[in-house]
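Residues per chain are reported as follows:
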Amino acid sequence: MANQNLSSRPTFASFNPLIRPYLVLYVGLVLAITVVFLPLAVVWFCGLGQWWARHYFDRLECELSATALRFRKGILFQVEKTIPLENIQDVTFIEGPLLKRFDLSILKFETAGQSQRQANDMRLIGILDAHDFRRSILERREAAKREYSNRHADSETAPAVGEQLIVLKSIYARLDEIAKLLRERP
């Protein structure tokens, strides 16, 4: 019972403050690589990037409840997304050389029925203890799936296996009769 209460409490993720210099460097490098935006990269590194990264970091939120994962990010365009835990297929842990340099990682969420366009919105950068948070998400997902299946297994509307077998046998017999009539047709 104590475990049930702990898993039903929302868990709030904390974000690594090193995400701010990482974002400044990452966006600045992308701007510098595209030669056309090189002047904008200079402005970015001179102060705009630090301002943007600070405000972006301040608005990051991630909450894991017993039934869903909710996260919010963005400055001008805020994205708030709620993903039911039973829809999460996998949580991928990503680290790269630049991310490791800043002691960061990315959690990428793969959901049932997601389109390619939505996949970009389901990435969180810089969660502290990302491995533990990933494990918590997967554990709560399994608990939610068990609860869902237990709830529907006990439902009175679900026909018993024996009843399903009887219906299938009558369908098979009817199809057999139809096939026989079709063969007798001229």
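Residues numbered from 1 in each chain as written. Predicted model: local features only at pLDDT ≥ 70, side-chain atom pairs only at ≥ 80, totals over all residues. Heavy atoms only, no water.

(A) Local environment of the overall build of the protein. In terms of helices and strands, the protein carries seven helices and seven strands. Its helices and strands taken in sequence order, the protein reads α-β-α-α-β-β-β-β-α-β-α-β-α-α from the N to the C terminus. Across the protein, contacts joining residues at least 24 apart in sequence account for 51% of those joining residues at least 6 apart. Accessible area for the protein stands at about 12800 Å²; split by element, carbon and sulfur atoms hold 58% of it. (Helix = DSSP H or I, 4+ residues; strand = E, 2+ residues; numbered from the N terminus. Contact = heavy atoms within 4.5 Å. Areas by Shrake-Rupley, 256 points an atom, 1.4 Å probe, with all protein chains shown as cover.)

(B) Region of interest: helix α3 (residues 38-58). Taken as a whole, α3 carries its principal kink of about 65° at F45. Within α3 the residues assigned to the buried category are A41, W44, G49, A53, H55, Y56 and F57. Where the residues of α3 are buried, they touch α2 (19-33) and β3 (68-73). (Bend = angle between axes of the 7 residues up to and from the residue. Buried < 20%, exposed > 50% of the residue type's maximum accessible area, 1.4 Å probe, protein only.)

(C) Here's a closer look at the environment of E86. By the secondary structure assignment, E86 is in the loop between β4 (79-84) and β5 (88-94). Setting aside chain neighbours within four positions, we find E86 in contact with T67 and K145.

(D) Representation of the nonpolar core within the structure. Ranked by internal contacts, the top residues of the largest apolar core, which has 36 residues, are C62, L69, F109, I127, F133 and I137. Elements supplying a minimum of two residues to this core: α2, α3, β2 (61-64), β3, β5, β6 (106-111) and α6 (130-153). Leave out the neighbours within four places in its chain, and C62 touches T11, F12, A13, F15, L69, R70, F71, L124, I127 and F133. (Core = buried A, V, L, I, M, F, W, Y, C linked by side-chain atoms within 4.5 Å.)

(E) Representation of unusual backbone geometry in the model. A positive phi is found at D103, a non-glycine position, where the angle reads about 55°. Inspection of the secondary structure puts D103 in the loop between α4 (97-101) and β6. Under the relative-accessibility criterion, D103 is labelled exposed at 59%. One non-glycine residue, D129, lies in positive phi territory at about 50°. Mapped onto the elements of the fold, D129 is located in the loop between β7 (123-125) and α6. On the accessibility criterion, D129 (58% relative accessible area) is exposed.

Don't take any of this as a statement about function, it's just geometry.
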